[in-house]
Amino acid sequence: YSDLILGGPCRLFGGFFFDRARGEPVTLDVSFFWWKKRLIGPPVDFKEEELKKKMGEGEEKWLDLDNVKAKDFPLLIVSGGIKLTGEVLRVVREVVEAVDLFVGRYLVLLASGYIIIKFVHFKIFPDFP
């Protein structure tokens, strides 16, 4: 629950203020399977964006500090740390879920196999040593 209670808000608010400190516009995109729409922000053609990504065009820097003003650096550092905390909590949650799925699946298989072997040993072949 740490990702739900702490990670989600950290990613939401940290990402919002991190983008504002870098001078990025406010955007809100909503998608449902193949349908995608930008509700808030400058209009964009998502099909063109996908084509550019596939062709390798339009690659942007991961962190562009050229547009950041000196007075926005403290906000950038604090909001980046908050966003990083949220992303780390997301990764921790995904790793824990993967381990839980792996352990749960094989625990069921091992327990079921053990019960079947003991049933066969004591009920079907009771005289077998």
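Residues numbered from 1 in each chain as written. Predicted model: local features only at pLDDT ≥ 70, side-chain atom pairs only at ≥ 80, totals over all residues. Heavy atoms only, no water.

## Comments concerning the overall build of the protein chain
At step 1: Counting its regular elements, the protein chain contains three helices and two strands.
At step 2: Taken from N to C terminus, the helices and strands of the protein chain fall in the order α-β-β-α-α.
At step 3: Compactness check: the protein chain gives a C-alpha radius of gyration of 25 Å against a globular reference of 14 Å for 129 residues, more than 25% above the reference.
At step 4: Oriented by its inertia axes, the alpha-carbon framework of the protein chain measures out at about 85 × 35 × 25 Å.
At step 5: Counting every position in the protein chain, which comprises 129 residues, the buried fraction comes to 12%. (Helix = DSSP H or I, 4+ residues; strand = E, 2+ residues; numbered from the N terminus. Rg over C-alpha atoms; globule rule 2.2 N^0.38 Å. Buried < 20%, exposed > 50% of the residue type's maximum accessible area, 1.4 Å probe, protein only.)

## What to know about helix H3 (residues 73-124)
At step 1: The end-to-end C-alpha separation of H3 is 74 Å, in line with the 76 Å expected for 52 residues at 1.5 Å each.
At step 2: Residues of H3 that are buried make contact with helix H1 (2-22). (Expected span 1.5 Å × (residues − 1). Contact = heavy atoms within 4.5 Å.)

## Some details on the pairing of strand S2 (residues 35-40)
At step 1: For strand S1 (residues 28-32) and S2, the ladder comprises five bridges, and the chain directions are antiparallel. Along S2, the bridge assignment pairs Val-30 with Lys-37.
At step 2: The turn linking S1 back onto S2 is made up of two residues, and Phe-33 within it adopts a positive phi angle of 55°. (Pairing = 2+ DSSP bridges.)

## Digging into the confidence of the model for the protein chain
At step 1: This prediction gives the protein chain a mean pLDDT of 85; 93% of its residues lie at or above 70.
At step 2: Confidence, read as mean pLDDT per element, is least for helix H2 (residues 46-55) in the protein chain (73) and greatest for H3 (92). (pLDDT = per-residue confidence, 0-100.)

## Focus: H1
At step 1: Its 21 residues place the ends of H1 28 Å apart at the C-alpha level, agreeing with the 30 Å of an ideal helix rising 1.5 Å per residue.
At step 2: Taken residue by residue, H1 has Asp-3, Gly-7, Cys-10, Arg-11, Gly-14, Gly-15, Phe-18, Ala-21 and Arg-22 as its buried positions.
At step 3: Contacts made by the buried residues of H1 are with H3.
At step 4: A positive phi of about 85° marks Gly-23, the residue just after H1.

## Focus on the pattern of salt bridges
At step 1: Applying the stated criterion to the full structure yields five salt bridges.
At step 2: For Asp-3, the salt bridge goes to Arg-93, with nearest N and O atoms at 2.6 Å. One end of the pair, Asp-3, is in helix H1; the other, Arg-93, is in helix H3, and 90 residues separate them in sequence.
At step 3: Judged by relative accessible area, which is 31%, Arg-93 ranks as partly exposed.
At step 4: The shortest N-O distance in the salt bridge between Arg-93 and Glu-97 comes to 3.5 Å. In this pair, Arg-93 and Glu-97 are both assigned in helix H3, four residues apart and thus about one turn of the helix distant.
At step 5: With a relative accessible area of 44%, Glu-97 lands in the partly exposed category.
At step 6: Several salt bridges share partner residues, and in doing so they unite Asp-3, Arg-11, Arg-93 and Glu-97 into one network. (Salt bridge = Lys/Arg side-chain N within 4 Å of Asp/Glu carboxyl O.)

## Digging into the packing of aromatic side chains
At step 1: What the rule picks out here adds up to four aromatic pairs.
At step 2: Look at Phe-16 and Phe-17: their rings are 5.2 Å apart centre to centre, the planes differ by 80°, and that puts the pair in the edge-to-face class.
At step 3: Ring geometry for Phe-102 against Tyr-106: centres 4.8 Å apart, planes inclined by 55°, an arrangement best described as tilted. Taken as a pair, Phe-102 and Tyr-106 lie in helix H3 at a separation of four residues, close to a single helical turn.
At step 4: Three or more aromatic residues joined by ring pairs form one cluster here, namely Phe-32, Phe-33 and Trp-34. (Phe/Tyr/Trp six-rings, centres within 6.5 Å; stacked < 30°, edge-to-face > 60°.)

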